[in-house]
Amino acid sequence: MITKKEIQNRIVEAVETVKCTNPMAGSITNTVTINFVANAQLAVGGSAAMVYLPDEGEFLAKAGGATYINMGTLLPVYEQTLPYTAKVLHEARKQWVLDPVAVGIGSLRTRLLKQFKEYKPSIIRGNASEIMALAGLWGLDGGTEGSNARGVDSTDSVSEAKTAAVALAKWTGGAVAVSGETDLVTDGSVIVYSYGGSHYMQKITGAGCALGGVMAVYATVASPFIAALTGTAVFNLAASRAEKKAGGPGSFYVHFLDELYKATAADIANNPFEMEEA
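Residues numbered from 1 in each chain as written. Predicted model: local features only at pLDDT ≥ 70, side-chain atom pairs only at ≥ 80, totals over all residues. Heavy atoms only, no water.

### Some thoughts on the pairing of strand β7 (residues 183–186)
Line of reasoning, step 1. The alternating pattern of β7 places D183 and V185 on one face and L184 and T186 on the opposite face, and all of these are buried.
Line of reasoning, step 2. The antiparallel pairing of strand β6 (residues 175–179) with β7 creates a hairpin that spans three residues between the two strands.
Line of reasoning, step 3. As defined by bridge partners, β7 adjoins strand β8 (residues 190–194) across four bridges and the pair is classed as antiparallel. Across the sheet, residue V185 finds its bridge partner in β8, namely V192.
Line of reasoning, step 4. Taken together, β7 and the strand that follows it, β8, pair antiparallel across an intervening segment of three residues, in which G188 is found at a positive phi of about 95°. (Buried < 20%, exposed > 50% of the residue type's maximum accessible area, 1.4 Å probe, protein only. Helix = DSSP H or I, 4+ residues; strand = E, 2+ residues; numbered from the N terminus. Pairing = 2+ DSSP bridges.)

So, in structure tokens, the structure goes:
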């Protein structure tokens, strides 16, 4: 099993490489949170490109280092854009991040997410209910039928989603990140619990969406597991620091982006985490 020191060294390498190279991670994302996603990607040192159309999705898939696909606020054109882009990414062996927002709600969303199973996203990020529902949709261990999400909020705990997360990671050969009070990241053989964060994260729109976009930035330079863990760690670190300065959700948002920008590679690698075998 990989050691804690090895994980920390790889996190440092990922963060420093991103800051030095300014890699582009394209996004097809939630219209509610598109600005937050782009700003978070920029804050950690990446470059953002937000698109909607099938041909633009194809361009990103071929030209970018990694791509982020978020299922929130589906537009009619996404019925073409999302599966086409995912197919191109899979065939080109490019890394991509899937956020299965509100999985189980609506026939179009369900149909698209079923298609994604064969395209094996490199990283899947969601709350516990979404991860369990996606595993159920794909017929994997730990899955549930339908969605236990309240809108985009989870009604299940991170610990309840562990089996589903491991099963999804084993299927894709990538990584799964479950967001909650304590975040879980797994590659199917190792499970890491990342600590930090803030209660204000639940009081602003799009923290999870932005996290998926940041994971895509790190996926341009690192393995799915390290990219998912690095994104999780920098968010937990920045949120815990921002909370100490904030007077409410509005000022927290501003301080959070500042802390994403200011976090050093060593700071991020040393954000508290524990690990176990899956």
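### Here we look at the sheet that holds strand β1 (residues 24–28)
Line of reasoning, step 1. Strands sit in the order β2-β1-β3-β4-β5-β6-β7-β8-β9 across an open sheet of nine strands; the sheet is mixed. Looking at the sheet topology across the chains shown, the edges are occupied by β2 (47–50) and β9 (273–277). Across the sheet, the mean angle separating the axes of adjacent strands is 20° when strand polarity is ignored.
Line of reasoning, step 2. As judged from the four bridges shared by β1 and strand β3 (residues 66–70), these two strands associate in the parallel manner. When the bridges of β3 are listed, G26 appears paired with T67.
Line of reasoning, step 3. Packed on one face of the sheet, helix α3 (residues 54–63) meets β1, β2 and β3 and runs near 150° to β1.
Line of reasoning, step 4. Helix-sheet contacts for helix α7 (residues 162–172) involve β5 (123–127), β6, β7, β8 and β9, and the interaxial angle to β6 is about 155°. (Axes fitted to C-alpha atoms, helices over the stretch in contact; angles between N-to-C directions. Contact = heavy atoms within 4.5 Å.)

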